[in-house]
Amino acid sequence: MKRFLRATLAAGAIAMAAFASHTAEAQDKGKVFYMVPTLLDEFQTASVEAITNFMKEVGYTVEAKNADNKTDLQQSQMNDVIALKPKAIILAAVDFNALVPSIEKARAAGIPVMIFDRQIKTTKSDFTSVAGTVEIGYVAADQIQGLLKTKNGSVKGKVLQVLGDPADPYTLEIQQGFEEKMKAFPDVKIISLPAMQWEASNAGTIVSDQLVANPDIDLIFVHAAHLAVAAVASLEAKGKKPGEVMLVSSNGAPVGLDLIRKGWENVEVEQPLFAQAAALAMFADKVINKQEIKPGKYDVLGLESEVTIESWGANIKIPGAAINKGNVDDTKFWGNLKPPATPIKPVE
Amino acid sequence: MSARQRAIIEFMLDNLVWLLLIVVLAAFSIGIPSYFQIGIFTNIIEDSTYVGVMAIGLAIVIIAGNMDLSVESVAGLTAMVTGILFCNGGIGLGYTMAPVEWLAIPVSLLLAIAVGGIIGFSNGLLVVKLRMNAFIVTLASYIWVRGLVLALSGGRSAQGMVPELRIIGIPIDPILLPPSALIAIVSFIGFSFLMRRTPFGRHITMIGGNPIATFRAGIKTDRLILVSFILAGAVAGIAGWLLAIRTSGATANLGVGMLFKAFAAVVIGGVSLKGGIGQLPGVYAGVLLLSAIQTAINLMGLPAHYTQLILGALVLAAMLIDTLKLQIRQRLA
């Protein structure tokens, strides 16, 4: 009897150990580092949460490293992380070019590098998930053309463009895309000024000054929703009513959506944060196991997205959406802070 | 040289920054289209509000011979606290003091002063009791307080200040300035009086000039240094409160970069970084000067980098003028 009991217990222990090891393997495929450029910005903070949760759903543990918007710090963090030999690195670069040597070093060490949100075209990476900053500028330009036409009868008028920090390529690329599309309309005068360090009160000051110097401004285009808040405060202080001066912003943060609901903002060009993060999780297994990623159309959280094979590697582009009063409550927008209910499934 | 001539030269040296401000405003008014108008001048005063208030506390600590790098983050923290409690969008909780709604003004202001004062107290305590270097102590506060802002907000923003507070940032019709700008002006007048006409101010200046001699004269130097740090924190708290009202909300990076502007204003305003020298009206002129230049850059559409170039050059010029002033004073003596 004793022998039977011992044998049963031993068999049970072995079975449990086997099950535990199998479960652990299925649940934890290893660690991935997410190099986030800053946490002083709603989009970036929400991206940490989204990437951590979506990657967890496909079996990876994510640890985020905040670079505080400092290129040198992010480079040093990359060096440290490479030494830890993670399964992969997800990089949202502070500076698009300065991180190239770090990407090359990681890949040389056999660590795949996935690029998030801030596209790097000057070196090879293993996967890129972006909405496209230049494309955000295009979408904004299309929307602004429509708003000016509705107000003035044709695409003409005066637009104040408030950029983010002029040292940040992110804002410069939005400007590039926007101005490229607006070139076709010489009757639109664009005044462009940067809000240093993406600081809201700097944007407020610019709006205050320009409203005095150019009282005929038709529309203000700010490159981030938190700058729109300060712009609205300045409009209000100058006695303007909601809608009197049109306002367009980008990134789709919750505060931007609130401003649309209150009637101050006309359009918010969304960076599809949830879909961008979900795409990383969908393709993580393929990237980490060095499997081929096939070009073509993919459904990412209901958004038709396209994978192309570019000179810098596989690239998925997820379309940015224009949010206005008609669709502002749609839960697919990350600014409504309702993550998708269905878990992410890896691409077979 | 007659006593009258000497007095005139002394007056000129003491108020050099005001003269510079007048010259700069005149030059911009002539050279930049649409600069010369009431709206622009009120903008300059309004934009000087929070950096100006922040610079008051910073100047007091520097005159006392110390340093406070934490004022920017303290302002960021009190802005966030005000935003979270009194905004109704984003992470704002939208508290009101109904039925006596105006109570939101004193309550939020006192809260901001208390939060700032507590951080100032902790800075001062470490400097005075543990004899730690003020630069290091306040540098640490600069970092951890900003971290606290991030932790409190989770990186998210508050937006839509309740109307009873927002009114502080809206210009009043006849004077075209918001109450926030008047608060800054009154603060400068009040603290200038405190520094010039009271034993506290004179003792603070004496400590900055020669702490050992002041101590030997029976003045409680440690207590006064502690008070200077508490004041700097509390005043930075007011600056943050004004900042939240001005932007009708708070973001985790609100106020970033203002320490540099406040420092520049203090130095341009004639406060010696060695301590013991400086007057608050000069600091206000320094803030106005920076704001006038910033506005000119905005109107001219110059790339923002010019602001930093000009600011750097101004600080350097201020240091040179300071050295020159000392030499002239030595000759006059």
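All residue numbers refer to positions counted from 1 along the written sequence of the respective chain. Going through the entries in the order they are written, you letter the chains from A and number the ligands from 1. Given that the model is predicted, a residue must reach a pLDDT of at least 70 before its local features are reported, and side-chain atom pairs must reach 80 or more before they are shown or counted; all residues, however, enter totals for whole chains, interfaces and linings. Side-chain measures were taken over the full set of non-hydrogen atoms in the model, leaving aside hydrogen atoms and water.

- Per an unreviewed UniProt entry, the recorded name for chain B is Autoinducer 2 import system permease protein LsrD, and the organism is Dongia sedimenti.
- UniProt positions are given in the numbering used here, feature names are shortened, and annotations may be inferred rather than shown by experiment. One UniProt comment on chain B, placed under Function (unreviewed entry), says "Part of the ABC transporter complex LsrABCD involved in autoinducer 2 (AI-2) import. Probably responsible for the translocation of the substrate across the membrane."
- Under the Subcellular location (unreviewed entry) heading, UniProt states for chain B: "Cell membrane".

- The name given to chain A in an unreviewed UniProt entry is Sugar ABC transporter substrate-binding protein, with Dongia sedimenti as the source organism.
- Database annotation for chain A, UniProt heading Sequence similarities (unreviewed entry): "Belongs to the bacterial solute-binding protein 2 family."
- As stated in UniProt under Subcellular location (unreviewed entry), the record for chain A gives "Cell envelope".

1. Points about the overall build of chain B
Phase 1: Comment: elements are numbered from the N terminus, with helices defined as DSSP H or I runs of at least four residues and strands as E runs of at least two. Per the secondary structure count, chain B includes 14 helices and three strands.
Phase 2: The globule rule puts the C-alpha radius of gyration for 333 residues at 20 Å, and the 20 Å found for chain B is close to it.
Phase 3: Across the 333 residues in chain B, those meeting the buried criterion constitute 55%.
Phase 4: By the convention used here, residues are in contact when the closest approach between their heavy atoms is within 4.5 Å. Sequence separation of at least 24 residues holds for 77% of the intrachain contacts in chain B that already meet a minimum separation of 6. Two things to know: the radius of gyration comes from C-alpha atoms, and the globule rule equals 2.2 Å times the number of residues to the power 0.38. Buried means the residue's accessible area, taken with a 1.4 Å probe over protein chains only, is under 20% of the maximum for its type, while exposed means over 50%, and partly exposed covers the values in between.

2. Focus: the sheet that holds strand β6 (residues 157-163) of chain A
Residue and element names in this part refer to chain A.
Phase 1: One requirement defines pairing of two strands: DSSP has to find at least two bridges between them. Strands sit in the order β7-β6-β8-β9-β10-β14 across an open sheet of six strands; the sheet is mixed. The open sheet terminates on both sides in strands that have one partner only, identified here as β7 (188-194) and β14 (321-323). Direction aside, the axes of adjacent strands within the sheet are offset by 20° on average.
Phase 2: One ladder, built from four bridges, connects strand β8 (residues 219-222) with strand β9 (residues 246-251); its direction is parallel. Bridge pairing links Leu219 to Met246 in β9.
Phase 3: Here helix α7 (residues 200-213) sits on the sheet and contacts β6, β7 and β8; the angle it forms with β6, its principal contact strand, is near 160°. Helix axes use the C-alpha atoms of the stretch in contact, all axes being lines fitted to C-alpha atoms, and the angles between their N-to-C directions lie in the range 0 to 180 degrees.

3. What about the pattern of salt bridges?
All names here are of chain A.
Phase 1: The salt bridge definition used is simple: a Lys or Arg side-chain nitrogen within 4 Å of an Asp or Glu carboxyl oxygen. One pass over the structure, following the stated rule, counts 18 salt bridges over all chains.
Phase 2: In this structure, Asp330 engages Lys332 in a salt bridge whose closest nitrogen and oxygen atoms are separated by 3.9 Å.
Phase 3: For Lys332, a relative accessible area of 46% puts it in the partly exposed group.
Phase 4: In this structure, a network of salt bridges that share partners links the residues Lys31, Glu63 and Lys65.

4. What to know about the packing of aromatic side chains
Phase 1: Note on aromatic contacts: the rings of Phe and Tyr and the six-membered ring of Trp form a pair at centre separations within 6.5 Å, being stacked when their planes are under 30 degrees apart, edge-to-face when over 60 apart, and tilted otherwise. Following the criterion strictly, the structure yields eleven aromatic pairs over all chains and no others.
Phase 2: Centre to centre, the rings of A:Tyr34 and A:Phe116 are 5.9 Å apart; their planes meet at 90°, and the pair counts as edge-to-face. One end of the pair, A:Tyr34, is in strand β1 (residues 30-36); the other, A:Phe116, is in strand β4 (residues 113-116), with 82 residues separating them in the sequence.
Phase 3: By relative accessible area, which is 0% here, A:Tyr34 ends up buried.
Phase 4: Given the relative accessible area of 0%, A:Phe116 is considered buried.
Phase 5: An aromatic cluster is defined as three or more aromatic residues linked by ring pairs; in this entry it consists of B:Phe28, B:Tyr35, B:Phe36 and B:Phe41.
Phase 6: Against the face of A:Tyr138 rests A:Lys181, its NZ or CZ located 5.2 Å from the ring centre. Consider the ring centre and the ring normal. A charge sits over the ring if Lys NZ or Arg CZ is within 6 Å of that centre and within 35 degrees of that normal.

5. Focus: the UniProt feature "domain: Periplasmic binding protein" (unreviewed entry) in chain A
Phase 1: On the UniProt side, "domain: Periplasmic binding protein" (unreviewed entry) is annotated at positions that read residues 34-291 of chain A here.
Phase 2: Along residues 34-291 of chain A one finds 48% helix and 19% strand; the C-alpha atoms at either end are 21 Å apart.

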